[in-house]
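Per-entry structural report
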Amino acid sequence: MRFTSSPRGARLARRLVSHRLHAWGHSYASPANETLTLIASELTANAVRHGHVPGRDFRLRLTEAEGGMLRVEVTDTRAERRPVAETPGPDGESGRGLLLVDALADDWGVTPRPAGPGKTVWAEFRPPPGPAAVTPVSGTRGPGPMPRRGPAS
């Protein structure tokens with residue numbers, strides 16, 4: 001999925017991640033939905049704030065592997081600004097997003113964008129075992145039918 005590199009684009013991306021996870025059976029209040037939506041929120045906010053190039057969008061991809069591992073990837077076109085999880089000063093008003101990603105994700109990293117300038121920041125999360133999945137009710141608002149596994153880009 002492609003979004004404008006703006007706060008509105010980041011907000012829309014976060015909402016669509018939550019809707020997509022719900023459609024895949026991870027209810028809105030489930031740990032998987034809440035955690036991956038927060039991770040996606042931090043990664044998209046960073047893409048807008050630190051990876052913004054005027055006139056260029058960012059891309060988001062959401063997948064679920066056979067074993068239940070959920071992966072979110074956010075790609076921007078700014079290669080020279082690689083994210084680093086650092087502890088900000090006590091009076092710092094920002095800089096905690098990647099610390100949250102590091103604490104919540106099972107794994108995360110940065111890879112170069114294969115088809116041009118930029119980078120992809122990705123994070124993986126394995127939901128805890130248990131009855132967290134709920135089948136969505138037909139006719140609810142949100143995205144239409146979507147495949148359970150595979151890329152959502």
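Residues numbered from 1 in each chain as written. Predicted model: local features only at pLDDT ≥ 70, side-chain atom pairs only at ≥ 80, totals over all residues. Heavy atoms only, no water.

Per an unreviewed UniProt entry, the protein is named Histidine kinase/HSP90-like ATPase domain-containing protein, and its organism is Streptomyces virens.

**Examining the overall build of the protein**
Regarding its fold elements, the protein presents three helices and five strands. Its helices and strands taken in sequence order, the protein reads β-α-α-β-β-α-β-β from the N to the C terminus. If you sum the accessible surface of the protein, you get close to 8600 Å²; carbon and sulfur atoms cover 53% of it. (Helix = DSSP H or I, 4+ residues; strand = E, 2+ residues; numbered from the N terminus. Areas by Shrake-Rupley, 256 points an atom, 1.4 Å probe, with all protein chains shown as cover.)

**A short note on the pattern of salt bridges**
As enumerated under the stated definition, the model contains four salt bridges in all. Between Arg71 and Glu73 there is a salt bridge, and its shortest N-O distance comes to 2.7 Å. Among the salt bridges present, the one from Lys119 reaches Asp76, with a minimum N-O distance of 2.8 Å. With Lys119 in strand β5 (residues 119-125) and Asp76 in strand β3 (residues 70-76), this residue pair connects regions lying 43 residues apart in the sequence. Each of the salt bridges in this network shares a partner with another, and the network as a whole consists of Arg61, Arg71, Glu73 and Glu124. (Salt bridge = Lys/Arg side-chain N within 4 Å of Asp/Glu carboxyl O.)

**Brief notes about the nonpolar core**
Residues Leu43, Leu60 and Val72 are the most contacted members of the largest nonpolar core, which totals 28 residues. Going through the elements one at a time, α1 (7-23), α2 (31-50), β2 (58-64), β3, α3 (97-104), β4 (107-112) and β5 are the ones with two or more residues in this core. If you tally residues by element for this core, the top one is α2, at seven residues. (Core = buried A, V, L, I, M, F, W, Y, C linked by side-chain atoms within 4.5 Å. Buried < 20%, exposed > 50% of the residue type's maximum accessible area, 1.4 Å probe, protein only.)

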